[in-house]
Amino acid sequence: NVAEGEAGGITQATSAFRVPVKAGDNEHMVTFIDTPGHEAFTEMRARGAKVTDIVVLVVAADDGVMPQTIESIAHAKAAGVPIIVALNKIDKAEATDGNIQRILGQLAEHELNPVDWGGDIEVVRTSAIEETGIQDLLEILDYQAELLELKADFGGPAQGTIIEAHLTEGHGPVANILVQQGLLNKGDYIVAGRGYGRLRSLTDDHCVQVDKASP
């Protein structure tokens, strides 16, 4: 529901949000960084790819591989990040088996060989509207995270990445931060490049005031 409030109905801001995932008996948190798919935002997406552990490449089943999809594949490869494909909009009439096979072929052309074809790239068929395949996608992400042994240190000084920053009236400099290691506390001093400052307030991805932020 991010794109609904944006100009032209496309995602223009890079937003990050946490989603609880139940895989078997275990509950985990997956942090999604939603980067714009429009070709005008190449630079922003290039920055996004460097802070992700796994890239979920969303391909529309009625469109197939588009120029910006190819761009995203290049960014993910340059960052050395594993890719999972979410083949979305499979509820549409155009998502015929023939069309899906054509898209799998397009992916294979760009060295993303689908598991269906004996390759190693997971292609999860999803429909965001009908919520089809969403749990499958989350479970595959969880499985990949285990395989890659993605772990973080929840103690000690915080380290992370600033996704975006801007000046806001009444607040001053505001940064969207992804904590990747350690614990960030309200009142901590942070350094980012040549910039530095003290954290006067912390809010989570739902705009709720918090005192600390972990990975």
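You'll find the structure just up there.
Residues numbered from 1 in each chain as written. Predicted model: local features only at pLDDT ≥ 70, side-chain atom pairs only at ≥ 80, totals over all residues. Heavy atoms only, no water.

Observations concerning the overall build of the chain
Link 1 in the chain: If you tally the helices and strands in the chain, you get four helices and 13 strands.
Link 2 in the chain: The buried share of the chain, reckoned over its 215 residues, is 30%.
Link 3 in the chain: When contacts within the chain are restricted to residue pairs at least 6 apart in sequence, long-range pairs at least 24 apart make up 56% of them.
Link 4 in the chain: In the form shown here, the chain has an accessible surface area of approximately 13,200 Å², with 51% of it arising from carbon and sulfur atoms. (Helix = DSSP H or I, 4+ residues; strand = E, 2+ residues; numbered from the N terminus. Buried < 20%, exposed > 50% of the residue type's maximum accessible area, 1.4 Å probe, protein only. Contact = heavy atoms within 4.5 Å. Areas by Shrake-Rupley, 256 points an atom, 1.4 Å probe, with all protein chains shown as cover.)

Some thoughts on helix H2 (residues 67-78)
Link 1 in the chain: The terminal C-alpha atoms of H2 lie 17 Å apart, and with 12 residues this matches the ideal 16 Å at 1.5 Å per residue to within 8%.
Link 2 in the chain: Every buried residue belonging to H2 is among Thr69, Ser72, Ile73, His75 and Ala76, and all of these are buried. Along H2, the residues classed as buried sweep out an arc of 160° about the axis, all on the same side. H2 presents Pro67 and Ala78 as exposed residues on the side facing more than 90 degrees away from its buried surface.
Link 3 in the chain: At the C-terminal side of H2, Gly80 shows a positive phi close to 65°. (Expected span 1.5 Å × (residues − 1). Arc of directions from axis to C-beta.)

Topic: the sheet that holds strand S4 (residues 83-88)
Link 1 in the chain: Pairing is parallel across the open sheet formed by three strands, whose spatial order is S3-S4-S5. This sheet does not close on itself; its edge strands, each paired only once, are strand S3 (55-60) and strand S5 (123-125). The average angle at which neighbouring strand axes cross in this sheet is 25°, direction not considered.
Link 2 in the chain: One ladder, built from six bridges, connects S3 with S4; its direction is parallel. Residue pairing across strands places Leu57 opposite Val85, the latter belonging to S4.
Link 3 in the chain: Running over the sheet, H2 touches S3 and S4 and is turned about 170° from S3. (Pairing = 2+ DSSP bridges. Axes fitted to C-alpha atoms, helices over the stretch in contact; angles between N-to-C directions.)

Focus: the nonpolar core
Link 1 in the chain: Among the nonpolar cores identified, the biggest contains 19 residues, and Leu57, Val59, Ile83, Val85, Leu87, Leu107 and Leu112 are the most heavily contacted of them.
Link 2 in the chain: Mapped onto this core, the elements with two or more residues apiece are S3, H2, S4 and helix H3 (97-109).
Link 3 in the chain: The element best represented in this core is H3, accounting for four residues.
Link 4 in the chain: Not counting chain neighbours up to four residues away, the residues in contact with Ile83 comprise Val55, Leu57, Ala76, Leu112 and Ile121.
Link 5 in the chain: Of all hydrophobic cores here, the second largest spans 10 residues; its members include Ile54, Ile84, Ala86 and Leu138. (Core = buried A, V, L, I, M, F, W, Y, C linked by side-chain atoms within 4.5 Å.)

Quick notes on the layout of surface pockets
Link 1 in the chain: Counted as a void, the second largest pocket has a volume near 270 Å³.
Link 2 in the chain: Split by residue class, the lining of the second largest pocket holds nine nonpolar, three polar and one charged. (1 Å grid on protein atoms, 1.4 Å probe; cavity = no way out; pocket = protein on both sides within 12 Å on 5 of 7 lines; lining within 4 Å. Points joined across faces, edges and corners; volume = space filled by probe spheres on them. Nonpolar A, V, L, I, M, F, W, Y, C, P; charged D, E, K, R; others polar.)

Brief notes about the packing of aromatic side chains
Link 1 in the chain: In the structure shown here, the tally under the stated rule is one aromatic pair.
Link 2 in the chain: On the basis of an interplanar angle of 25° and a centroid distance of 6.0 Å, the ring pair of Phe17 and Phe32 is categorised as stacked. Pair noted here: Phe17 is in strand S1 (residues 15-23) and Phe32 is in strand S2 (residues 26-34), with a separation of 15 residues, a long-range link.
Link 3 in the chain: Using a relative accessible area of 28% as the deciding quantity, one classes Phe17 as partly exposed. (Phe/Tyr/Trp six-rings, centres within 6.5 Å; stacked < 30°, edge-to-face > 60°.)

Re a nonpolar patch on the surface
Link 1 in the chain: Taken together, the side chains of Tyr143, Leu147, Leu148 and Leu150 make up a nonpolar region of the molecular surface, amounting to roughly 400 Å² of accessible area.
Link 2 in the chain: On the secondary structure map, Leu147 appears in helix H4 (residues 134-147). (Patch = residues over 30% accessible without salt bridge, like charges linked within 9 Å, V, L, I, M, F, W, Y side chains within 5 Å. Salt bridge = Lys/Arg side-chain N within 4 Å of Asp/Glu carboxyl O.)

Some words on the pattern of salt bridges
It is possible for side chains bearing opposite charge to pair when their charged atoms get close.
Link 1 in the chain: Scanning all chains against the criterion turns up three salt bridges.
Link 2 in the chain: Note that Asp116 and Arg125 form a salt bridge whose closest N and O atoms lie 3.1 Å from each other.
Link 3 in the chain: On the basis of relative accessible area, Arg125 is assigned to the partly exposed category, the value being 28%.

Quick word on the environment of Ala74
Link 1 in the chain: By the secondary structure assignment, Ala74 is in helix H2.
Link 2 in the chain: On the basis of relative accessibility, which here comes to 44%, the residue Ala74 falls in the partly exposed class.

As for the pairing of strand S9 (residues 189-192)
One face of the sheet, then the other: side chains in a regular strand alternate in exactly this way.
Link 1 in the chain: Here S9 pairs with strand S10 (residues 195-198) via four bridges, running antiparallel. Opposite Tyr189, over in S10, you have Arg198 as the bridge partner.
Link 2 in the chain: Count of turn residues in the S9/S10 antiparallel hairpin: two residues, of which Gly193 carries a positive phi of about 60°.

Function cannot be inferred from these measures alone, as they are strictly geometric.
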